[in-house]
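Residue strings, one per chain:
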Amino acid sequence: MSTDIAGVAAAATSIRNPILSGFHPDPSILRVGDDYYLATSTFEWYPGVRVHHSRDLVHWRALGGIINERRLLDLRGAGDSNGVWAPDLSYVDGLFHLVYSDVASFASGYWDPQNYLITAPDIDGPWSDPVRLHSHGFDASLFHDEDGTSWLLAMSADWRPGRDRFGGIEIQRYDRARRRLVGKARLIFAGTEAGVTEGPRLYRRDGWYYLVTAEGGTSWEHQVTVARSRNLFGPYLTDPAGPLLTSAGRPHLRLQKAGHGSLVRTRSGQWYLAHLVGRPYTPLGNCVLGRETAIQPVDWPADDWPTVAGGVPADEIPAPDLPTHPWPPEPTTDHFDGPRLHTAWSTLRRPATPDWADLTSRPSHLRIHGGQSPVGRQAPSLVARRVGATHCSLETVLEFDPADHRQLAGVTGYYNTANWYYAYLTRADDGRRVVEVLSCDSGRLTAHPGLRVDAGGGGPVGLRVTFDGPVLHFACDTGDGWDELPARFDATTLSDEHAAIMVDGEPAAWGFTGAFLGLWVQDLGADGAYADFDHATYREH
């Protein structure tokens, strides 16, 4: 069963967290009628802004992503963990409104965060051309007030040396009719001592404006902060009881990094908080599954502060008073019979267009035309899906006739351009077709010649990559059944914690995504090489 419906609980009376397993950070939750939608960050991956749908907050299905065209966003050249940060989904005037940030930098105090807005009459589109908003800061969101006005909130970035780079939360009027920002931006909240104030969302209730922000950074000190004011522009006073939710200082909790929250109310008046979490393999250790989405019930009496029981994330919570609505389970095997890639798949830095991810030239096969090297950021050819469990695997059968060492095709456990493992078919100097293994740790490339396997002169070859807790390993089938390759690799290098690199207090690299399992093809000489993948099977063990 797919982790994209990981919110399925043993019974409809409870929800088991996280509801979205694997790389699904920075949730924005929205109810429209009886439908609930969750939008999450995607960074350098297409389709951008991944969306899930539920009718009961228990069962979730993946709708894929909203941004699947370069018309909406061009990620060519995007750095690791750049791209789409913290989307915001809202609904007004019979239209879905999606705000998203395209963050281009994060070195030396700069982010270059261009914010965009697109609209659609349906969650499946068609989506309008983007409206360019300001670039004052990232994590932008829209608030639609009771008087019919709309307001754009965002963190206010301050690049100046010696200043707080997270300069607070600002607000500016957005004119929906003219589709543009009007008036001046105003700073309304400086944050608390926790610092790193970002992820703003605003709610109106009982005559109060409630400002919900993320603070403390995105790791172990992460938290959800609530402040309120009688006036839209403040002053905003924070809840004297402290954070609405945090895991900070509680390393025994299964769900860590709790923060970046978004509130939703059911028709019957029950409140829930969707928020970010991480599940380290060891206490405060590496989170190979990346940052995930969980949900908590919120008690919100009239004219009072919202609260989460204990102020900490619970592993299991009561389900809301809604009719049970399960979805059909996702097939274990993708036979590539459809006209487009299944919603489980994502592609790196370029949309899945037929010129390189071809589902029609050979029926029931995915033909991937070779792209750039593993460090190439303009045209890589990687079709991958999120790792959704500590024990899972992806296996495939491919046909590939490489001409030389410049042509490779196989399976990968992937985090970013600097951290990955790869088992592939290629052509050796003596003319043999062989299976080889490469690994990359923090940009250091290592060949493993002791794992080379003769793949014969032609015909299909099976390849499998397995996550077995903190261990990753490969297997191949050259015609006589599956053989495990005799090596065990450190899967924990495929994590946010391992990817992040600080040099003299400045980030040389960040890690904001999560591990992937994928089908990867390189044509380093641009000679027209491609590989045909007959199927791909994802299993959680």
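The structure presented is a predicted model; accordingly, all values stated were derived computationally and were not measured.

1. A look at the sheet that holds strand 10 (residues 131–132)
Strand order in the open sheet made by the four strands is 7-8-9-10, with antiparallel pairing throughout. The sheet terminates laterally at strand 7 (83–92) and strand 10, the two strands that pair on one side only. One ladder, built from eight bridges, connects strand 7 with strand 8 (residues 95–103); its direction is antiparallel. Paired with Leu89 across the strands is Leu98, a residue of strand 8.

2. Looking at the pattern of salt bridges
Under the definition given, this model contains 35 salt bridges. Its salt-bridge partner being Arg539, residue Glu395 comes within 3.6 Å of it at the nearest N-O pair. Of this pair, Glu395 sits in strand 29 (residues 391–399) while Arg539 sits in strand 42 (residues 530–540), placing them 144 residues apart in sequence. The exposure class of Arg539 is partly exposed, given its relative accessible area of 38%.

3. Topic: the packing of aromatic side chains
One pass over the full model with this rule turns up 29 aromatic pairs. Considering the side-chain rings of Phe336 and Trp345, the 6.2 Å spacing of their centres and the 35° angle between planes classify their relative orientation as tilted. A relative accessible area of 2% places Phe336 in the buried class. Given a relative accessible area of 5%, Trp345 falls into the buried group. Between the NZ or CZ atom of Arg173 and the centre of the ring of Trp151, over which it lies, the distance is 6.0 Å. Over the ring of Trp305 we find Arg228; its NZ or CZ atom is 4.5 Å from the centre of that ring.

4. Here we look at the side chain of Glu170
Within the secondary structure layout, Glu170 lies in strand 13 (residues 166–175). No salt bridge forms around the buried Glu170; measuring N to O, its nearest opposite-charge neighbour Arg160 is 11 Å away. Among the polar contacts made by the side chain of Glu170, one reaches the side chain of His136 at a distance of 2.6 Å. Here the side chain of Glu170 touches Ser156 through a polar contact of 3.2 Å, side chain to side chain. Sequence-distant contacts of Glu170, that is, excluding residues within four places in its chain, are made with His134, His136, Leu152, Leu153, Ala154, Ser156, Ala185, Arg186, Leu187 and Ile188.

5. Side note on the side chain of His59
Mapped onto the elements, His59 comes out in the loop between strand 5 (48–54) and strand 6 (61–67). A polar side-chain atom of His59 sits 2.7 Å from a polar atom in the side chain of Asp56.

6. With respect to unusual backbone geometry
A cis geometry characterises the amide bond from Asn17 onward to Pro18, with omega recorded as 0°. As for its position among the elements, Pro18 is in the loop between strand 1 (14–16) and strand 2 (28–32). At the junction of Gly234 and Pro235, the peptide bond is cis and its omega measures out at 10° in the coordinates. Position of Pro235 relative to the elements: it lies in the loop between strand 17 (223–229) and strand 18 (237–238). Non-glycine residue Phe43 carries a positive phi angle of around 55°. In this fold, Phe43 is placed in the loop between strand 3 (35–40) and strand 4 (45–46).

About the thresholds
Residues numbered from 1 in each chain as written. Predicted model: local features only at pLDDT ≥ 70, side-chain atom pairs only at ≥ 80, totals over all residues. Heavy atoms only, no water. Pairing = 2+ DSSP bridges. Helix = DSSP H or I, 4+ residues; strand = E, 2+ residues; numbered from the N terminus. Salt bridge = Lys/Arg side-chain N within 4 Å of Asp/Glu carboxyl O. Buried < 20%, exposed > 50% of the residue type's maximum accessible area, 1.4 Å probe, protein only. Phe/Tyr/Trp six-rings, centres within 6.5 Å; stacked < 30°, edge-to-face > 60°. Lys NZ or Arg CZ within 6 Å of the ring centre and 35° of its normal. Lys, Arg positive; Asp, Glu negative; His and termini not counted. Polar contact = N/O pair within 3.5 Å; in protein donor to acceptor, adjacent residues only side chain to side chain. Contact = heavy atoms within 4.5 Å.

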